[in-house]
Amino acid sequence: TPSTPSLWGVPLKYISLVTLAVQNALLSLLMHYSRVSTPPSRAYSAASAVLATELLKGFISLLIAFSRLDNVPPQYTLVPTQASSRYATSALNPRVFFARCRRLGKEVFRADCWKLSIPAILYVIQNNLQFVAASNLDAATFQVSYQMKILTTAAFSVFLLRKKLTPLKWLALFFLAIGVGVVQIQSGAAKVTPSSSGSHDVHTMYPSKGFLAVAAACFTSGLAGVYFEMVLKNSTGDLWVRNVQLSLFSLLPALVPVVLAPRAAQVGPSHAVPSITNLFANFTPWAWATVLTQVLGGLITALVIKYADNIMKGFATSLSIVISFLASVALFHFRITASFVVGASVVLCATWLYSQPDNKRPLLFRSRRCS
Ligand code: C5P
């Protein structure tokens, strides 16, 4: 991995991993609470939330990509060469600014940009499925089940990247699947969340629907992640420019449910599908907090991929299981069952086992020069 810049002496690699763990836990809690705390008639649209996330993430990535552009090549520099004042080369100078915009445009719309369309579509599907899962599962159960993406990522790495897994890693994956299975035993029955606005307008959780959504989201997560890795490794290009491309290609699939809204409305009540005029209706501060946490997650994921790696990302997300479990108990009076504790512990151990380096010596005893 490339050498990491540091903040207050702490490598950005570790800052990004800890932030990702906290962000993952916060996202599952916020997403769950923002969905179940309002009755269905006042639920915000998940499709609008996904669209808002992509727009914001794309805009922030664009600003970062712009600020990271190297010096504008001479052919674009319209200022006379003898003008060597700071203003002459500053982005505040309109000529330099437009030259940089042109350069960034060329980078974003380079010939191979279409490659990002595949992970972009997959991530949009995944981000929509996440809302279905968080609406139908407890935050902690959602978080544990979502660890199955380690399994799908490994499967796609083997099939698409021809990666070889050691027997220990296969064993860890086997235990991971067992652990998630045990967690799912705890409840198959629909759960109704009490609401103050009338007995019929209540949020009902259907765990089997939630598990199906998580399973599908894990599938797209694995495929999109491996495909994104393939694009990053097999081509040059700044990570933030790639992120802008990802967001650009996400806009069309994210817009589809919005555009289809008027037709859907004729078929039946469809608070989940917005029309273009009330795109952000029912967006509570909790809904906006969910969107902002998603945006943060996308940006940190990019940093983690660059400065750490996917294995360390697995560690970060398993840490988030513990955080969301404790928070679920404290905030949502999550009922601790034996099957949850056993299943979550097996998932944690399996994630740790999977994260072990392939050589014989365990991670803790490796010399510092390896890190
Ligand atoms: O859990 P997983 O790693 O699959 O989630 C990836 C999340 O990060 C998705 O929500 C995706 O939209 C986002 N992402 C991103 N930019 C990347 C890679 C992922 O915004 N370069």
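Residues numbered from 1 in each chain as written. Predicted model: local features only at pLDDT ≥ 70, side-chain atom pairs only at ≥ 80, totals over all residues. Heavy atoms only, no water.

**Q** Quick one: what's the story with the UniProt feature "transmembrane region" (unreviewed entry) in the protein chain, residue by residue and with numbers?
**A** Annotation from UniProt places "transmembrane region" (unreviewed entry) at residues 144–161, 170–190, 210–232, 244–265, 285–305, 314–332 and 338–355. End C-alpha to end C-alpha, residues 210–232 measures 32 Å, and it is 100% helix and 0% strand. Between the C-alpha atoms that bound residues 338–355 the distance is 26 Å, and the span itself is 94% helix and 0% strand. (UniProt positions renumbered as here; feature names shortened; annotations may be inferred. Helix = DSSP H or I, 4+ residues; strand = E, 2+ residues; numbered from the N terminus.)

**Q** Describe the site of the ligand, with residues and values.
**A** Around the ligand, the structure places Lys57, Tyr123, Gln126, Asn127, Lys149, Ser221, Phe228, Asn243, Leu246, Gly298, Thr301 and Lys313. At 2.5 Å, a side-chain N or O of Ser221 approaches an oxygen atom of the ligand. Asn243 is positioned with one of its side-chain polar atoms (N or O) 2.8 Å from a nitrogen atom of the ligand. Notes on the ligand: free accessible area 470 Å², of which the protein chains cover 92%. Elements represented by at least two residues in the shell around the ligand include exactly helix 5 (117–136), helix 9 (207–233), helix 10 (239–259) and helix 12 (285–307). The element that contributes the greatest number of residues to the shell around the ligand is helix 5, accounting for three residues. Class assignment of the residues belonging to the shell around the ligand gives a composition of three nonpolar, six polar and three charged. (Near = heavy atom within 4 Å. Polar contact = N/O pair within 3.5 Å; in protein donor to acceptor, adjacent residues only side chain to side chain. Areas by Shrake-Rupley, 256 points an atom, 1.4 Å probe, with all protein chains shown as cover. Nonpolar A, V, L, I, M, F, W, Y, C, P; charged D, E, K, R; others polar.)

**Q** Which residues make up the packing of aromatic side chains, and what are the values?
**A** How two aromatic rings sit relative to each other is given by the distance of their centres and the angle of their planes. Applying the stated rule across the entire model yields 12 aromatic pairs. Their ring planes at 80 degrees and their centres at 5.2 Å tell us that Tyr33 and Trp286 sit as a pair that is edge-to-face. On the criterion of sequence distance, the pair formed by Tyr33 in helix 1 (residues 12–36) and Trp286 in helix 12 is long-range, its members being 253 residues apart. Residue classification places Tyr33 among the partly exposed residues on the basis of a relative accessible area of 31%. (Phe/Tyr/Trp six-rings, centres within 6.5 Å; stacked < 30°, edge-to-face > 60°. Buried < 20%, exposed > 50% of the residue type's maximum accessible area, 1.4 Å probe, protein only.)

**Q** Outline the pattern of salt bridges, supporting the account with residue identities and numerical values.
**A** Under the defined criterion, the tally for this structure stands at four salt bridges. Residue Asp238 is joined to Arg68 by a salt bridge in which the shortest nitrogen-to-oxygen separation is 2.7 Å. Taken together, the residues span a long stretch of sequence, with Asp238 in the loop between helix 9 and helix 10 and Arg68 in helix 2 (residues 46–68) at a distance of 170 residues. Residue Arg68 is classed as partly exposed on the basis of its relative accessible area, which comes to 38%. We note a salt bridge from Asp112 to Arg242, for which the minimum N-O separation is 3.0 Å. Placement of the pair is Asp112 in the loop between helix 4 (94–108) and helix 5 and Arg242 in helix 10, with a sequence separation of 130 residues. Taken together, the salt bridges that share partners define one network made up of Arg110, Asp112 and Arg242. (Salt bridge = Lys/Arg side-chain N within 4 Å of Asp/Glu carboxyl O.)

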